[in-house]
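# Structure assessment
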Amino acid sequence: MTRRGQVYKCEKCGNIVEVLHEGPGTLVCCGEPMKLLEEKTADSSQEKHVPFIEEIENGYRIRVGANAMHPMEEKHYIEWIELTVDGAVYKKFLNPGEKPEAVFEVKKGTKVSAREYCNIHGLWKK
């Protein structure tokens with residue numbers, strides 16, 4: 001059974017999908033079931049992966065790494081940052097060389113969370 005918002009990855013080809021409509025089936029790619037990516041929330045390594053949410057005048061800034069910015073190199077970078085505010089979802093895709101942050105000019109809410117995907121270390125949530 002899938003749930004809306006879950007992220008799955010194909011272990012063979014690297015395809016990544018996010019569930020928009022939940023259902024009872026199994027997600028399959030390259031003839032094999034896709035792997036559900038778990039949202040990690042604690043980072044014990046030197047590099048920081050947990051998204052840092054900062055409230056700004058017109059919305060929110062999400063940075064990956066509160067004190068030390070996450071690398072944004074060709075082989076190791078943040079692919080996307082997502083913000084959820086009171087059920088509304090906003091996403092920004094990033095490229096190597098860009099800052100590991102996203103600014104979302106949105107109406108502020110009471111229930112705010114963020115997650116990001118590192119191409120090497122997976123899915124992280126705050």
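The structure presented is a predicted model; accordingly, all values stated were derived computationally and were not measured.

## Some thoughts on the sheet that holds strand β2 (residues 16–18)
Judged by pairing direction, the sheet is antiparallel, and its three strands sit side by side in the order β2-β1-β5 without closing on themselves. A strand with exactly one partner marks an edge of an open sheet, and here the two such strands are β2 and β5 (35–36). Summarising the sheet, strand β1 (residues 7–9) and β2 pair through three bridges and their orientation is antiparallel. Opposite Tyr8, over in β2, you have Val17 as the bridge partner.

## A word on the domain arrangement of the chain
Considered domain by domain, the chain is made up of domain 1 (6–37) and domain 2 (51–125). On a C-alpha basis, the centres of domain 1 and domain 2 stand 22 Å from each other. If you look at the interface, domain 1 gives five residues, while domain 2 gives seven residues. Counting the surface lost from both domain 1 and domain 2, the interface buries some 480 Å², and carbon and sulfur atoms represent 52% of this. Counting the surface domain 1 buries against domain 2, the share from its top three residues, Val7, Glu18 and Leu37, is 68%. Applying the counting rule to domain 1 against domain 2 returns two salt bridges. Glu18 is paired through a salt bridge with Arg115; the nearest N and O atoms lie 3.0 Å apart. For the interface between domain 1 and domain 2, the tally reads three residue pairs in polar contact (both at pLDDT 80 or more). When the residues that make up the side of domain 1 that touches domain 2 are grouped by side-chain class, the tally is three nonpolar, no polar and two charged.

## Considerations on the environment of Tyr117
By the secondary structure assignment, Tyr117 is in strand β11 (residues 112–118). Setting aside anything within four residues of it in sequence, one finds Tyr117 in contact with Lys9, Ile16, Leu37, Tyr77, Ile78, Glu79, Trp80, Gly122 and Leu123. Within the structure, Tyr117 has its side chain in polar contact with the side chain of Lys9 (distance 3.2 Å).

Here is what the cut-offs are and how they apply
Residues numbered from 1 in each chain as written. Predicted model: local features only at pLDDT ≥ 70, side-chain atom pairs only at ≥ 80, totals over all residues. Heavy atoms only, no water. Pairing = 2+ DSSP bridges. Helix = DSSP H or I, 4+ residues; strand = E, 2+ residues; numbered from the N terminus. Domains from an automatic or database assignment. Contact = heavy atoms within 4.5 Å. Buried area = accessible area lost by both parts, 1.4 Å probe. Salt bridge = Lys/Arg side-chain N within 4 Å of Asp/Glu carboxyl O. Polar contact = N/O pair within 3.5 Å; in protein donor to acceptor, adjacent residues only side chain to side chain. Nonpolar A, V, L, I, M, F, W, Y, C, P; charged D, E, K, R; others polar.

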